Amino acid sequence: MNMNLNIHIGSLISKQLEEEEEKEKKINIINELNIYIKEVDEYLFNKLQTLKDLNNIIKYLKYTNNNIVRVLENNITNKILNRKYIKDNIINNLKIKQDKIKSELLNLHNKKTQIKTEIEHIKLDLKYFKDKYKLINEYY
């Protein structure tokens with residue numbers, strides 16, 4: 001009986017040792033899983049940080065792009081306005097020159113008319129003197 005009891009106690013002790021080994025194995029597995037979970041957590045945190053950084057970069061690029069678009073629109077608008085101003089200025093200068101030329105043409109026309117009138121007066125005077133000279137010649 002003593003032997004059976006020793007065998008029974010020995011089997012209980014070995015059973016208890018096996019259970020403790022299984023507990024240790026389970027604890028080791030849980031510890032390894034915790035370490036793995038921490039590593040995955042760190043990896044995901046790093047990826048999240050990278051995504052936040054990329055999102056900030058995208059926001060900055062959108063902002064920069066909008067500024068570039070605004071600057072280009074302003075430059076194009078200014079160039080268009082400058083060209084319109086230059087065109088209007090050239091047109092005004094040409095109108096001024098055209099008006100000067102018209103004025104000069106009118107002055108020339110007036111001088112031409114004046115010269116024609118003077119020529120007519122001279123012709124009339126010549127005719128008068130010619131007629132008078134004829135009369136004088138006839139008289140003498």
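Quick look at the structure, then. Just so we're clear, the structure is a prediction, and the values are computed from it rather than from any experiment.

### Observations regarding the overall build of the protein chain
Here's step 1: If you tally the helices and strands in the protein chain, you get one helix and zero strands.
Here's step 2: A compact globule built from 140 residues would reach a C-alpha radius of gyration of about 14 Å, whereas the protein chain, at 59 Å, exceeds it by more than 25%.
Here's step 3: Counting every position in the protein chain, which comprises 140 residues, the buried fraction comes to 0%.
Here's step 4: Surface summary for the protein chain: the accessible area is close to 14,100 Å², and the carbon and sulfur share equals 61%.

### Thoughts on the packing of aromatic side chains
Here's step 1: Tallying each qualifying case throughout the model produces one aromatic pair.
Here's step 2: Relative to Phe-129, the ring of Tyr-128 has its centre 5.6 Å away and its plane inclined at 65°; by these criteria the two rings are edge-to-face.
Here's step 3: Judged by its relative accessible area of 51%, Phe-129 falls in the exposed class.

### Structural notes on a nonpolar patch on the surface
Here's step 1: Taken together, the side chains of Ile-29, Leu-33, Tyr-36, Ile-37, Val-40, Tyr-43 and Leu-44 present a nonpolar region at the surface, about 710 Å² in accessible area.
Here's step 2: Mapping Leu-44 onto the fold places it in helix α1 (residues 2-139).

### Let's talk about a negative patch on the surface
Here's step 1: Judged by side-chain charge, Glu-18, Glu-19, Glu-20, Glu-21, Glu-22 and Glu-24 come together as a negatively charged surface patch.
Here's step 2: Inspection of the secondary structure assignment puts Glu-22 in helix α1.
Here's step 3: Among the residues examined, Glu-22 registers a relative accessible area of 45% and is labelled partly exposed.

### Remarks on the environment of Lys-100
Here's step 1: If you trace the backbone, Lys-100 turns up in helix α1.
Here's step 2: The sequence separation of Lys-100 and Tyr-36 amounts to 64 residues, and the corresponding C-alpha distance is 94 Å.

Criteria and cut-off values
- Residues numbered from 1 in each chain as written.
- Predicted model: local features only at pLDDT ≥ 70, side-chain atom pairs only at ≥ 80, totals over all residues.
- Heavy atoms only, no water.
- Helix = DSSP H or I, 4+ residues; strand = E, 2+ residues; numbered from the N terminus.
- Rg over C-alpha atoms; globule rule 2.2 N^0.38 Å.
- Buried < 20%, exposed > 50% of the residue type's maximum accessible area, 1.4 Å probe, protein only.
- Areas by Shrake-Rupley, 256 points an atom, 1.4 Å probe, with all protein chains shown as cover.
- Phe/Tyr/Trp six-rings, centres within 6.5 Å; stacked < 30°, edge-to-face > 60°.
- Patch = residues over 30% accessible without salt bridge, like charges linked within 9 Å, V, L, I, M, F, W, Y side chains within 5 Å.
- Salt bridge = Lys/Arg side-chain N within 4 Å of Asp/Glu carboxyl O.
- Lys, Arg positive; Asp, Glu negative; His and termini not counted.
- Charge placed at Lys NZ, Arg CZ, Asp CG, Glu CD.

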